[in-house]
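Per-entry structural report
Each chain, written out:
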Amino acid sequence: MKKLVVTFLSLIACVLLLVGCNNTTNSGTPTIPDEPTAKTFTVNVRYVYRDTIIDTLTDTKKEGETYNYAKYKENIPDKYIENEQKESYFPDDYKKGQIGYEAGILTVEYQVKPKYEQYMQITTTNANTNGQIIPFAVLGYNIGNSAFTANNYDGEPVTFRLSEITEIKLFNTYSFVNNRLGENGKGILNNFNTIIADNNAALKNLIKVDLTECTFIEELPSNFFSGIPTLKTVVSNGNTKKLQQVGSNFLADSENIEFIDLDFSSLTRAGSYFLTNALINYKSPLTVNISNIENSGWLFMYQRANDANIPTINLILSNKQWNDTWFVGIKNDSSFIGRYYSSINLNVYTNYKGNIETALQDFENTTVNYKVYDMPTE
């Protein structure tokens, strides 16, 4: 028995000796540290026109990864191009400790502009010019009905006559006047370029003006398609929500207009003769929201008598008070004797019904047939 115990203890000693040898060998082998994981950033891309974000894109980027500038540039929406006047900004990498590093968020911002900014597409009776995209500014030159040559968007010369044009489509812009930047590049100035009146006279076959893409338009020039008897339609699909100012003679004396759907809810300033006589043949009720109007000129929305039609206008005032010059002619102008007041059916919607009813007492027993309503609750 004693011999068995001694043998067992000897075996244990050998095992411990082997373990000790193995530990000695391992302690001399260096430990390989784990590879650090590269930080992944979320990249938020914004495409901005002036102060409006028109599209966004989200991507990822690993720390130290080479930044492909064109990768995001190529994603600019088709209707826009990069604005070369302001460089885009992108931080290639945030170092540890910098703002944005721990959050893991990077921002790419591209200043863009509409592809055909300040251009218009013309539909014409001439196969050589039909569908051409030319600068809107040509209407500010004294063309009349002479043949005129302008470079199209692709830089190719196009010769046309205004009398050939049947439709004009205006492309997106905030103004149709070049370099119309106000303080700090925002806002618009208090003066207007103009469409030459002789050009409007030469547009004697113009039927339609299309502003459906003009979602950014802030101002329109004086003589905006005024005095054109063939003009029937001015369409925007209600997209002129940013329109703030219009010059004088806005659609004035274009007496056969049958359809207008412009949004005037942001309009603050209108020159003289705003929509004057433009609605005398308008058959359907027309809603005009001028709840932000601040300044307006002579003969604002004045409509002369027309034996064949009396237009109906639903005027949205909201909190705006009445201006005594609206819908009336000029008392000391002999041409308005006997027809000083507009010939209209006028429905006014206001939050100050009593005040407006008092202000409109001058319209009693005139050709202005008016009713005043409280603003509808939403």
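Below you will find a few notes about this structure. (Residues numbered from 1 in each chain as written. Predicted model: local features only at pLDDT ≥ 70, side-chain atom pairs only at ≥ 80, totals over all residues. Heavy atoms only, no water.)

**Examining the packing of aromatic side chains**
Let me state the cut-off plainly: Here a Phe, Tyr or Trp ring, Trp counted by its six-membered ring, pairs with any other such ring whose centre lies within 6.5 Å, and the pair is stacked when the planes are under 30 degrees apart, edge-to-face when over 60, and tilted otherwise. Under the DSSP-based scheme used, a helix requires at least four consecutive residues in state H or I and a strand at least two consecutive residues in state E, with every element numbered from the N terminus. Burial status follows relative accessibility: with a 1.4 Å probe on protein chains alone, a residue under 20% of its type maximum counts as buried, one over 50% as exposed, and anything between as partly exposed. By definition, being over a ring means that NZ of Lys or CZ of Arg is both within 6 Å of the ring centre and within 35 degrees of the ring normal.
Considering all chains together, one arrives at 22 aromatic pairs under this definition. Relative to Phe-216, the ring of Tyr-49 lies with its centre 4.8 Å away and its plane at 65 degrees, an arrangement referred to as edge-to-face. One end of the pair, Tyr-49, is in strand β1 (residues 40-49); the other, Phe-216, is in the loop between β10 (208-210) and β11 (219-220), and 167 residues separate them in sequence. Residue Tyr-49 shares its accessibility class with Phe-216, and that shared class is buried. Ring centres 4.8 Å apart and planes at 70 degrees place the aromatic pair Tyr-340 and Tyr-341 in the edge-to-face group. Look at Tyr-341 and you get partly exposed, because its relative accessible area is 24%. The ring of Tyr-174 is capped by Arg-50, whose NZ or CZ atom sits 3.8 Å from the centre of that ring.

**Quick notes on the sheet that holds β1**
For clarity, the cut-off: Paired strands are those between which DSSP finds at least two bridges. Lines fitted to C-alpha atoms define the axes, with helix axes restricted to the stretch in contact, and inter-axis angles between N-to-C directions lie between 0 and 180 degrees.
In space, the four strands of this open sheet follow the order β2-β1-β4-β3, with mixed pairing throughout. The open sheet is flanked by β2 (52-62) and β3 (80-82), the only strands paired with a single partner. Each neighbouring strand pair of the sheet contributes to a mean axis angle of 35 degrees, computed without reference to strand direction. Where β3 and strand β4 (residues 105-114) come together, three bridges link them in antiparallel fashion. Residue pairing across strands places Glu-82 opposite Val-112, the latter belonging to β4.

**Structural notes on the pattern of salt bridges**
Condition: Each reported salt bridge corresponds to a side-chain nitrogen of Lys or Arg within 4 Å of a carboxyl oxygen of Asp or Glu.
For the coordinates displayed, the defined rule picks out seven salt bridges. Where Glu-213 meets Lys-169, a salt bridge forms, and the shortest distance between an N and an O atom there is 3.2 Å. Placement of the pair is Glu-213 in the loop between β10 and β11 and Lys-169 in strand β9 (residues 165-170), with a sequence separation of 44 residues. Put simply, Lys-232 and Glu-258 hold a salt bridge, and the shortest N to O gap is 3.8 Å.

**A few points about the side chain of Glu-82**
Inspection of the secondary structure puts Glu-82 in strand β3. Given the relative accessible area of 17%, Glu-82 is considered buried.

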